[in-house]
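An overview of the molecular structure
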Amino acid sequence: MIAINEYFDGNVKSLGYQTAIGKSTLGVMEPGAYEFGTSQHETMIVIEGEMTVKLPGSEDWGVYKAGQSYEIDANQKFQVKVDVQTSYLCQYK
């Protein structure tokens, strides 16, 4: 079954689904700044657009463009800024 997720007053939306390798979400972020929390390990893959990300424990922001990815451990918070609509695939472990 496909789950519909909506966050930050509808500015981040995703569809959740189950694959042979585990749970994934496919989503889109509107321009803005967001703080996310994780409950399990996540691999975030940028599909279109770009994300400026401050990972847990880092003082620096990194830019991730289409085709690039980053990982966040479980029970962490991280910050994301997007300047244009940006799509992503998030895979959970």
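Reading guide: rules and limits
- Residues numbered from 1 in each chain as written.
- Predicted model: local features only at pLDDT ≥ 70, side-chain atom pairs only at ≥ 80, totals over all residues.
- Heavy atoms only, no water.
- Patch = residues over 30% accessible without salt bridge, like charges linked within 9 Å, V, L, I, M, F, W, Y side chains within 5 Å.
- Areas by Shrake-Rupley, 256 points an atom, 1.4 Å probe, with all protein chains shown as cover.
- Salt bridge = Lys/Arg side-chain N within 4 Å of Asp/Glu carboxyl O.
- Helix = DSSP H or I, 4+ residues; strand = E, 2+ residues; numbered from the N terminus.
- Buried < 20%, exposed > 50% of the residue type's maximum accessible area, 1.4 Å probe, protein only.
- Polar contact = N/O pair within 3.5 Å; in protein donor to acceptor, adjacent residues only side chain to side chain.
- Contact = heavy atoms within 4.5 Å.
- Core = buried A, V, L, I, M, F, W, Y, C linked by side-chain atoms within 4.5 Å.
- Pairing = 2+ DSSP bridges.
- Axes fitted to C-alpha atoms, helices over the stretch in contact; angles between N-to-C directions.
- Phe/Tyr/Trp six-rings, centres within 6.5 Å; stacked < 30°, edge-to-face > 60°.
- Lys NZ or Arg CZ within 6 Å of the ring centre and 35° of its normal.

Examining a nonpolar patch on the surface
A cluster of nonpolar side chains, namely Ile 2, Ile 4 and Leu 15, defines an oily patch on the protein surface of about 340 Å² accessible area. Assignment of secondary structure puts Leu 15 in strand E2 (residues 12-19). Assessed through its relative accessible area of 42%, Leu 15 is described here as partly exposed.

Things to note about the side chain of Thr 25
Among the structural elements, Thr 25 can be located in strand E3 (residues 22-29). Overall, Thr 25 belongs to the buried group, its relative accessible area being 4%. There is a polar contact of 3.4 Å between the side chain of Thr 25 and the side chain of Tyr 92. Non-local contacts of Thr 25, meaning those with residues more than four positions away in its chain, are made with Asn 5, Ser 14, Leu 15, Gly 16, Tyr 17, Tyr 88, Leu 89, Cys 90 and Tyr 92.

Regarding the nonpolar core
Formed by 17 residues in total, the largest nonpolar core has its most connected members in Met 29, Met 51, Tyr 70, Phe 78 and Val 80. If you list the elements that add at least two residues to this core, you get strand E4 (32-37), strand E5 (42-48), strand E6 (50-54), strand E8 (69-72), strand E9 (77-82) and strand E10 (86-92). Filtering out sequence-adjacent residues up to four positions away, Phe 78 remains in contact with Tyr 34, Glu 35, Phe 36, Thr 38, Glu 42, Met 44, Val 53, Lys 54, Leu 55, Pro 56, Tyr 70 and Ile 72.

Things to note about the sheet that holds E8
Within the open sheet, the six strands sit side by side as E1-E2-E3-E10-E5-E8. Their pairing is antiparallel. The open sheet has two edge strands, strand E1 (3-7) and E8, and neither has a second partner. Neighbour-to-neighbour, the strand axes of the sheet open up by a mean angle of 25°, direction not taken into account. As defined by bridge partners, E1 adjoins E2 across five bridges and the pair is classed as antiparallel.

Remarks on the environment of Leu 15
Spatially, the C-alpha atoms of Leu 15 and Gln 68 are 20 Å apart, while their sequence positions differ by 53 residues. Residues within four places of Leu 15 in sequence aside, it is in contact with Ile 2, Ala 3, Ile 4, Asn 5, Ser 24, Thr 25 and Leu 26.

Some words on the packing of aromatic side chains
All chains considered together, the criterion is met by six aromatic pairs. With centroids separated by 6.2 Å and ring planes inclined at 45°, the aromatic side chains of Tyr 34 and Phe 36 adopt a geometry described as tilted. Here Tyr 34 matches Phe 36 in class, with each residue buried. Here a set of aromatic residues connected by ring pairs shows up, and it is made of Phe 8, Tyr 34, Phe 36, Tyr 64, Tyr 70 and Phe 78. Cation over ring: Lys 23 sits above Tyr 92, and NZ or CZ is 4.9 Å from the ring centre. Just above the ring of Trp 61 sits the side chain of Lys 81; from NZ or CZ to the centre is 4.2 Å.

Re the pairing of E9
On E9, burial follows the alternation: Phe 78, Val 80 and Val 82 on one face are buried, whereas Lys 77, Gln 79 and Lys 81 on the facing-out side are not. In terms of strand pairing, E4 meets E9 through six bridges, oriented antiparallel. Following the sheet pairing, Ala 33 is matched in E9 by Lys 81. Relative to E9, E6 runs antiparallel, the two being bridged by three bridges. Paired with Thr 52 across the two strands is Lys 81, which belongs to E9.

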